[in-house]
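Structure at a glance
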Amino acid sequence: QVQLVESGGGLVQAGASLRLSCLASGRTFSSLAMGWFRQAPGKEREFVAARAGSTYYTDSVKGRFSISRDNAKNTVYLQMNSLKPEDTGVYYCAAKYEWSGIMSDDRQYNYWGQGTQVTVSS
């Protein structure tokens, strides 16, 4: 079993930065592939970024967001720069056992955090 707890969300103006953190417990963190997803009001959950051996990003955040992990701290981060109003949503951290497969497919993730709200005002 893995527990995931996100933090770092908030209300910011367009152009600002935020760093989300996700603390994992319950299983050897280094063995997990980690991802970030988000869900905007009235929309389906969408993939944002993932990190296993490589990093993966959805096109809309490339060049602005960066995913990293610190295995010593059991934490994965999402650095978000140049935020836009369309980045608004609840951001979820997710973990899966398999490092292969489609990283953007939320059905492949085994564990989810409760989410943290990010609101970007124009």
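This text goes with the structure placed above it.
Read on for an overview of the structure. Quantities reported herein were computed from a predicted structural model and do not represent experimental measurements. (Residues numbered from 1 in each chain as written. Predicted model: local features only at pLDDT ≥ 70, side-chain atom pairs only at ≥ 80, totals over all residues. Heavy atoms only, no water.)

**Quick look at the environment of Ser-82**
Rules: The secondary structure listing takes helices from DSSP runs of H or I that are at least 4 residues long and strands from runs of E that are at least 2 residues long, numbered from the N terminus. A contact between two residues is defined here by any heavy atoms of the two lying within 4.5 Å.
Here Ser-82 shows up in the loop between strand 8 (75–80) and strand 9 (89–96). Sequence separation of Ser-82 and Gln-39 is 43 residues, and the distance between their C-alpha atoms is 19 Å. Residue contacts for Ser-82: discarding those within four places in its chain leaves Gly-15, Ala-16, Ser-17, Arg-64 and Asp-87.

**Looking at the environment of Val-2**
Selection rule: A simple rule labels every residue: compare its accessible area, found with a 1.4 Å probe on the protein chains alone, to the largest value its type can have, and call it buried under 20%, exposed over 50%, or partly exposed in between.
As for its placement among the helices and strands, Val-2 is situated in the segment before strand 1 (3–7). On the accessibility criterion, Val-2 (6% relative accessible area) is buried. It is 9.0 Å that separates the C-alpha atoms of Val-2 and Thr-28, two residues lying 26 residues apart in sequence. In this structure, Val-2 is in contact with Ser-25, Arg-27, Leu-32 and Tyr-111, ignoring residues within four places of it in sequence.

**As for unusual backbone geometry**
Negative phi values dominate among residues other than glycine, just as trans dominates among peptide bonds. Phi is positive for Asn-74, which is not a glycine, with a value near 55°. Judged by its relative accessible area of 26%, Asn-74 falls in the partly exposed class. Positioned with a positive phi, Ser-82 is a non-glycine residue whose angle comes to about 50°. A relative accessible area of 41% means that Ser-82 is categorised as partly exposed.

**What to know about the sheet that holds strand 7 (residues 65–70)**
What links the strands of a sheet is backbone hydrogen bonding, and the strands pair in either a parallel or an antiparallel sense. This is how it is decided: Strands qualify as paired when DSSP identifies two bridges or more between them. Lines fitted to C-alpha atoms define the axes here, with helix axes fitted over just the stretch in contact, and angles between the N-to-C directions of these axes take values from 0 to 180 degrees.
Here we have 4 strands laid out as an open sheet, ordered 1-3-8-7, and antiparallel in their pairing. Looking at which strands have only one partner, the edges of the open sheet turn out to be strand 1 and strand 7. Each neighbouring strand pair of the sheet contributes to a mean axis angle of 15°, computed without reference to strand direction. Note that strand 3 (residues 18–25) and strand 8 share 6 bridges and pair antiparallel. Of the residues in strand 8, the one forming a bridge with Arg-19 is Gln-79.

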